[in-house]
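Residues per chain, in single letters:
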Amino acid sequence: MDIIFATNNAHKLTEVQAVLGPGYKLLTPRDCGVTEEIPEEQDTLEGNASQKAHYLHERTGMDCFADDTGLEVEALGGAPGVHSARYATDGHDFAANNRLLLKNLKGKANRRARFRTVISLLLDGEEHLFEGIVEGRIIDRETGHEGFGFDPLFIPDGYDRTFAQMTTGEKNEVSHRARAVRKLAAYLHSVEK
């Protein structure tokens, strides 16, 4: 099945394709002629995922899904949350985002955080939402070289390594995105039968 995934992020494509498996061919917006920036103007993860999926569906008429992910840090009142990708700047500057997060957590004892992903699937014009959450904590310096975003600072509960120290396969066992994508995959498999 061909389905558009509203991202041009190679890391995300690899992670999601690994979870969905070979029965699905993920297409990017660029593959379908959508080269402009897809808007993310909502104030919730659910709103952004839905906005992106509808934007793509309106332009292509194809089945598609979009995700939005946020790191929600307890000591920061849930920030950066929906603003995670653009926490420090208007662009996706992972290093600047990590520096700002560490600065804002300086001196705080509570390092509890969670990653949350929401996926909006538009299938035959009908919307379905799937959520994945992983609880963990923020460490005080970047560790590891895999992954992207806040991965070098986040250790999921039950582990002693950051997401950035894990292989893609290891991360896909526990990550927020993988949990949401597994729900998406289960739904897609159920409607194919």
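The name given to the protein chain in an unreviewed UniProt entry is dITP/XTP pyrophosphatase, with the source organism recorded as Alistipes onderdonkii. The Subunit (unreviewed entry) field of the UniProt record for the protein chain holds the comment "Homodimer." Comment text from UniProt for the protein chain, heading Sequence similarities (unreviewed entry), reads "Belongs to the HAM1 NTPase family."

Right, let's talk about the UniProt feature "binding site: Mg(2+)" (unreviewed entry) in the protein chain for a bit. Residues given the UniProt feature "binding site: Mg(2+)" (unreviewed entry) here are Asp68. Here aspartate 68 lies in strand S3 (residues 64-73). Here asparagine 48 takes part through its side chain, which lies 3.0 Å from a polar atom of the side chain of aspartate 68.

Now for the environment of aspartate 43. Along the chain, aspartate 43 turns up in the loop between strand S2 (25-27) and helix H2 (45-60). Between the alpha carbons of aspartate 43 and glycine 23 there is a distance of 34 Å; along the sequence they are 20 residues apart.

Our focus in this paragraph is the packing of aromatic side chains. Here the distance between the centres and the angle between the planes together describe a pair of aromatic rings. Under the criterion given, the structure shown has seven aromatic pairs. Centre to centre, the rings of phenylalanine 115 and phenylalanine 163 are 6.0 Å apart; their planes meet at 25°, and the pair counts as stacked. Of this pair, phenylalanine 115 sits in strand S5 (residues 112-123) while phenylalanine 163 sits in the loop between strand S7 (154-156) and helix H4 (168-174), and the two are 48 residues apart along the sequence. With a centroid separation of 5.8 Å and 50° between ring planes, the pair formed by phenylalanine 130 and tyrosine 187 is classed as tilted. Of the two residues, phenylalanine 130 is situated in strand S6 (residues 126-138) and tyrosine 187 in helix H5 (residues 176-192); the sequence distance between them amounts to 57 residues. Assessed through its relative accessible area of 11%, phenylalanine 130 is described here as buried. Among the aromatic side chains, those forming a connected cluster through ring pairs are Phe115, Phe154 and Phe163. Here arginine 59 stacks its cationic end above the ring of tyrosine 55, 3.4 Å away from the centre of that ring.

Conventions we followed
- Residues numbered from 1 in each chain as written.
- Predicted model: local features only at pLDDT ≥ 70, side-chain atom pairs only at ≥ 80, totals over all residues.
- Heavy atoms only, no water.
- UniProt positions renumbered as here; feature names shortened; annotations may be inferred.
- Helix = DSSP H or I, 4+ residues; strand = E, 2+ residues; numbered from the N terminus.
- Polar contact = N/O pair within 3.5 Å; in protein donor to acceptor, adjacent residues only side chain to side chain.
- Phe/Tyr/Trp six-rings, centres within 6.5 Å; stacked < 30°, edge-to-face > 60°.
- Buried < 20%, exposed > 50% of the residue type's maximum accessible area, 1.4 Å probe, protein only.
- Lys NZ or Arg CZ within 6 Å of the ring centre and 35° of its normal.

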